[in-house]
Amino acid sequence: MSSKQPLYQKNWVLFLGILLVSFNLRPSITAVGPLIPLIREDLGLSNGWAGFLTTLPLVTFATFSLFSASIGKKLGNPLAILLALILILMGTLIRVLGRADILFIGTGLTGIGIVICNVLLIPLIKNRMPSKIGIVTASYTTGMTLFAAIASGVSAPLAIDLGFGWKGSLLSWAVLLIFGIIIWIPQLRFKAAPRTFFGEEIKVNVWKTQLGWQVSLFMGVQSLLYFTLISWLPDMMMSRGLSAVEAGLLVSIMQIIGLLGAFFAPIIAVRFKDQIGIVWVLGLMYIFGFLSLFSLNLWINFTGLTLVGISLGSSVSLAYTLIGLRTKNERTTASLSGMVQSSGYYLAALGPLLFGVAFDIYHDWNFLIYLMLTCSVLFIYFGSKSGKAVQI
């Protein structure tokens, strides 16, 4: 039977496609952090506007998460994901044309494409590979984290050492996008079998549920931690004597270390009735890691950022896993995924921008540490609420 199954319906082909999509969901954001000094100087941007380069994708994440589930329902998830990849490619090409306004427009397009993929991959995995949610989610978030790390590490060397400049460095990611688009195209031939929904699938307004908001705020806090740190940690470490290349490499290594957490967190999480324990472990690692940044000793900083890296990788995997674990069916999963990523990313969008403005005013890097510690406490609080073994 399986030998007669079309290639595009085979699980390994779908799995490969999911991986290639995941590889393209972070480089257009994380590659920017180490390049901010170059972009700021070339285009004459303030720290606030430079921070907005990372905030803008989050605003588009938040806004278009509201529509992503409906887009997937109308077009079908495979086609919607393909069109989203094409949007990311268009944004990548547009934003290097040389003007600040065009840079922001292209960055916004990449954000729209990324969030459509983010929202629709979760219900697609639940629908097509329901018995493998843990391992597929682990692989998807690990792939996302891996290429986020690679982008952070190679963007400055591409721009400076190889002479590509910040434009060439950002543009180089178009190659991976084209490859991902080609690998995903066969999924357009997949037609889901019609399903009949009886009493099991009652339409739920997730926006009116307490659990929906708890998971959303958990996603928001962990996203604020991630995107603010990725945006401003390179600048902070450069102020302590590292070069742009060294600072980018540090952020890259921190995220590579996080691959362990990104892969194992979902696998561990699904084995327990609730996920409160894993939330506390990750939250305490954040706190100890960020406290190390008050020291001016770089080796103490590096040790603390190792803990932070593991928690960052684990947190995003856990957040995506909770969306599937806290819902009873695919329709509710898609709705919760849209809600969580919309409200969560609106919260996350405040981080890079507000810190950039605060730094313009006070010129004190300790404000970044205070923000990260506050978010760590909130991470534990909302994670403990959303980690309870209940479903919408």
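Shown above is the structure to which this text applies.
Figured I'd write up the structure that's included with this text.

What counts as what
- Residues numbered from 1 in each chain as written.
- Predicted model: local features only at pLDDT ≥ 70, side-chain atom pairs only at ≥ 80, totals over all residues.
- Heavy atoms only, no water.
- Axes fitted to C-alpha atoms, helices over the stretch in contact; angles between N-to-C directions.
- Helix = DSSP H or I, 4+ residues; strand = E, 2+ residues; numbered from the N terminus.
- Parallel < 35°, antiparallel > 145°, perpendicular 65-115°, else oblique.
- Contact = heavy atoms within 4.5 Å.
- Nonpolar A, V, L, I, M, F, W, Y, C, P; charged D, E, K, R; others polar.
- 1 Å grid on protein atoms, 1.4 Å probe; cavity = no way out; pocket = protein on both sides within 12 Å on 5 of 7 lines; lining within 4 Å.
- Points joined across faces, edges and corners; volume = space filled by probe spheres on them.
- Buried < 20%, exposed > 50% of the residue type's maximum accessible area, 1.4 Å probe, protein only.
- Polar contact = N/O pair within 3.5 Å; in protein donor to acceptor, adjacent residues only side chain to side chain.
- Expected span 1.5 Å × (residues − 1).
- Patch = residues over 30% accessible without salt bridge, like charges linked within 9 Å, V, L, I, M, F, W, Y side chains within 5 Å.
- Areas by Shrake-Rupley, 256 points an atom, 1.4 Å probe, with all protein chains shown as cover.
- Salt bridge = Lys/Arg side-chain N within 4 Å of Asp/Glu carboxyl O.
- Core = buried A, V, L, I, M, F, W, Y, C linked by side-chain atoms within 4.5 Å.
- Phe/Tyr/Trp six-rings, centres within 6.5 Å; stacked < 30°, edge-to-face > 60°.

This next bit is on the packing of helix α12 (residues 276-291) against helix α15 (residues 366-386). At their nearest, the axes of α12 and α15 sit 9 Å apart, and the two run at 170° to each other. Relative to α15, the element α12 is oriented roughly antiparallel. Counting all contacts with α12, which are made through Ile276, Val279, Trp280, Leu282, Gly283, Leu284, Tyr286, Ile287, Phe290 and Leu291, the residues of α15 involved are Ile369, Met372, Leu373, Ser376, Val377, Phe379, Ile380, Gly383 and Ser384. Here the contact of α12 with α15 is built from residues that sort into 15 nonpolar, 4 polar and no charged.

This part is about the layout of surface pockets. A probe as big as a water molecule, rolled over the atoms, marks out the empty space that is left. Looking at the second largest pocket, its volume works out to about 170 Å³. Surrounding the second largest pocket, Glu246, Leu249, Leu250, Ile253, Met254, Ile257, Trp299, Phe302, Leu305 and Thr306 form its lining. Secondary structure elements with two or more residues in the lining of the second largest pocket: α11 (244-269) and α13 (298-325). Top contributing element to the lining of the second largest pocket by residue count: α11, with 6 residues. Partitioning the lining of the second largest pocket into residue classes produces 8 nonpolar, 1 polar and 1 charged.

Quick look at the side chain of Ser65 now. With respect to the element layout, Ser65 can be found in helix α4 (residues 47-75). A residue is classified by how much of its surface remains accessible, and Ser65, at 1% relative accessible area, is buried. Separated by 3.5 Å, the side chain of Ser65 and the backbone nitrogen of Ser342 make a polar contact. Beyond its immediate chain neighbours, meaning those up to four positions away, Ser65 contacts Thr60, Val115, Val119, Gly338, Gln341 and Ser342.

This part is about helix α5 (residues 77-94). The α-helix winds at 3.6 residues per turn, so residues separated by three or four positions along the chain end up facing the same way. The end-to-end C-alpha distance of α5, which contains 18 residues, comes to 26 Å, matching closely the 26 Å that a straight helix rising 1.5 Å per residue would cover. Tucked inside the fold, the buried residues of α5 contact α1 (11-23), α4, α6 (100-128), α8 (165-171), α9 (174-184) and α14 (330-362).

One non-glycine residue, His363, lies in positive phi territory at about 55°. Looking at where His363 falls in the secondary structure, it is placed in the loop between α14 and α15. A relative accessible area of 55% means that His363 is categorised as exposed.

Within the secondary structure, Thr137 sits in helix α7 (residues 133-161). We classify Thr137 as buried; its relative accessible area is 7%. Beyond its immediate sequence surroundings of up to four residues, Thr137 is in contact with Lys132, Pro266, Ser317, Tyr320 and Thr321.

Here the focus is a nonpolar patch on the surface. Together, Trp280, Leu284, Phe288, Leu291, Phe294, Leu307, Val357, Ile361, Tyr362, Phe367 and Tyr370 line one region of the surface with nonpolar side chains, adding up to about 1,100 Å² of accessible area. For the nonpolar patch, the elements supplying multiple residues, two or more each, are α12, α14 and α15. Ranked by the residues each element gives to the nonpolar patch, the list is headed by α12, at 4 residues.

Grouped together as the largest cluster of nonpolar side chains are 92 residues, with contacts concentrated most on Ile18, Leu25, Trp184, Met254, Phe290 and Tyr320. Residue contributions to this core peak at 15 residues, all from helix α10 (residues 210-238). Those residues in contact with Tyr320, other than ones at most four positions away along the chain, are Arg26, Asn118, Ile122, Thr137, Tyr140, Thr141, Met144, Met219, Gln341 and Tyr345. Counting residues in each nonpolar core, the second largest holds 24 residues, with Val32, Leu35, Leu56 and Phe104 among its members.

The subject of this paragraph is the packing of aromatic side chains. Under the counting rule described, the total for this entry stands at 25 aromatic pairs. Taking 5.6 Å as the distance between ring centres and 35° as the angle between the ring planes, the aromatic pair formed by Phe355 and Trp365 counts as tilted. Placement of Phe355 in helix α14 and of Trp365 in the loop between α14 and α15 is noted, with a sequence separation of 10 residues between them. No difference in accessibility class separates Phe355 from Trp365, as the two residues are buried. Judged by centre distance (6.1 Å) and plane angle (75°), the rings of Phe367 and Tyr370 are edge-to-face. With a gap of 3 residues between them, Phe367 and Tyr370 both fall in helix α15, about one helical turn apart. Residue classification places Phe367 among the partly exposed positions, given a relative accessible area of 32%. Given a relative accessible area of 43%, Tyr370 falls into the partly exposed group.

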